Amino acid sequence: CGADLHDKELGSVTYTTLCNKRGGVEADLTIAKLPDGTGYYFAAGGQTLTKDFNWIKSAIEKNSDRFGDVFLQDASDDVDMISVQGPHSRELLQSLVSSGHSLSNEDFQFSTCQNIEVCNIPLLCMRLTFVGELGFEFHVSKNASRELYEAI
């Protein structure tokens, strides 16, 4: 990818590109360095998911001497993303956080992620926006996404 993620802090989220050999852009995506230190989480657009996954897999295989032992898993069939954007998103969502986490600027800075519970549903929350307003993305198990959506 176009960003160096090695020295990023746990819980950081980076918006970056996948670049080809000519420096052209193959895709853009967000990559979270998981807060628990277990790895990275890639979030890509649905239309290019298969292409992006195969591109990343190929890049890892071609550079195995640099990356060492890497495990890549496509969890797209198991995870949904619900995005809540806008100036009142924090106020709306804070009342639904059941894990005690704060969504304040001080406790949840822009371009970071945390494992939280909303309506007692565990999820990965990213503080992101692509619309120019305050926003949050919930990456949640498909089994719980409808319940979460209806609660919001």
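Preceding this section is the structure that the text describes.
Below you will find a few notes about this structure. (Residues numbered from 1 in each chain as written. Predicted model: local features only at pLDDT ≥ 70, side-chain atom pairs only at ≥ 80, totals over all residues. Heavy atoms only, no water.)

Turning our eyes to something else, we now look at the overall build of the protein chain. Regarding its fold elements, the protein chain presents four helices and seven strands. Order of helices (α) and strands (β) in the protein chain, N terminus to C terminus: β-β-β-α-α-β-α-β-β-β-α. Rg of the C-alpha trace for the protein chain: 16 Å, near the compact-globule value of 15 Å for 152 residues, within the 12% margin. Residues counted as buried form 36% of the 152 residues belonging to the protein chain. Considering only residue pairs separated by 6 or more positions, the protein chain has 42% of its internal contacts joining residues 24 or more positions apart. (Helix = DSSP H or I, 4+ residues; strand = E, 2+ residues; numbered from the N terminus. Rg over C-alpha atoms; globule rule 2.2 N^0.38 Å. Buried < 20%, exposed > 50% of the residue type's maximum accessible area, 1.4 Å probe, protein only. Contact = heavy atoms within 4.5 Å.)

The subject of this paragraph is the pattern of salt bridges. Within this structure, the stated rule accounts for four salt bridges. With its nearest N and O atoms 3.8 Å apart, the salt bridge here joins K51 to E26. Separated by 25 residues along the polypeptide, K51 in helix α1 (residues 49-62) and E26 in strand β2 (residues 25-33) bring together distant segments of the chain. When salt bridges with common partners are traced through the structure, they connect E26, K51 and D52 into a single cluster. (Salt bridge = Lys/Arg side-chain N within 4 Å of Asp/Glu carboxyl O.)

Another point: the sheet that holds strand β6 (residues 121-126). Read across the sheet, four strands follow the order β4-β7-β6-β5 without closing on themselves; strand pairing throughout is antiparallel. Edge positions in the sheet fall to β4 (79-85) and β5 (113-118), since each of these pairs with one other strand and no more. Adjacent strand axes in the sheet meet at a mean angle of 30° when their direction is disregarded. Note: β4 against strand β7 (residues 135-141), seven bridges, orientation antiparallel. The partner of Q85 across the bridge, within β7, is G135. On the sheet, helix α4 (residues 142-151) packs against β4, β5, β6 and β7 and is oriented at approximately 135° with respect to β7. (Pairing = 2+ DSSP bridges. Axes fitted to C-alpha atoms, helices over the stretch in contact; angles between N-to-C directions.)

When we look at burial in α4, the residues that qualify are A144, S145 and L148. What you see down the axis of α4 is that its buried residues fit within an arc of 120°, all on one side. Counted as exposed and oriented over 90 degrees from the buried face of α4: N143, R146, Y149 and E150. In this structure, the buried side of α4 is in contact with β4, β5, β6 and β7. (Arc of directions from axis to C-beta.)

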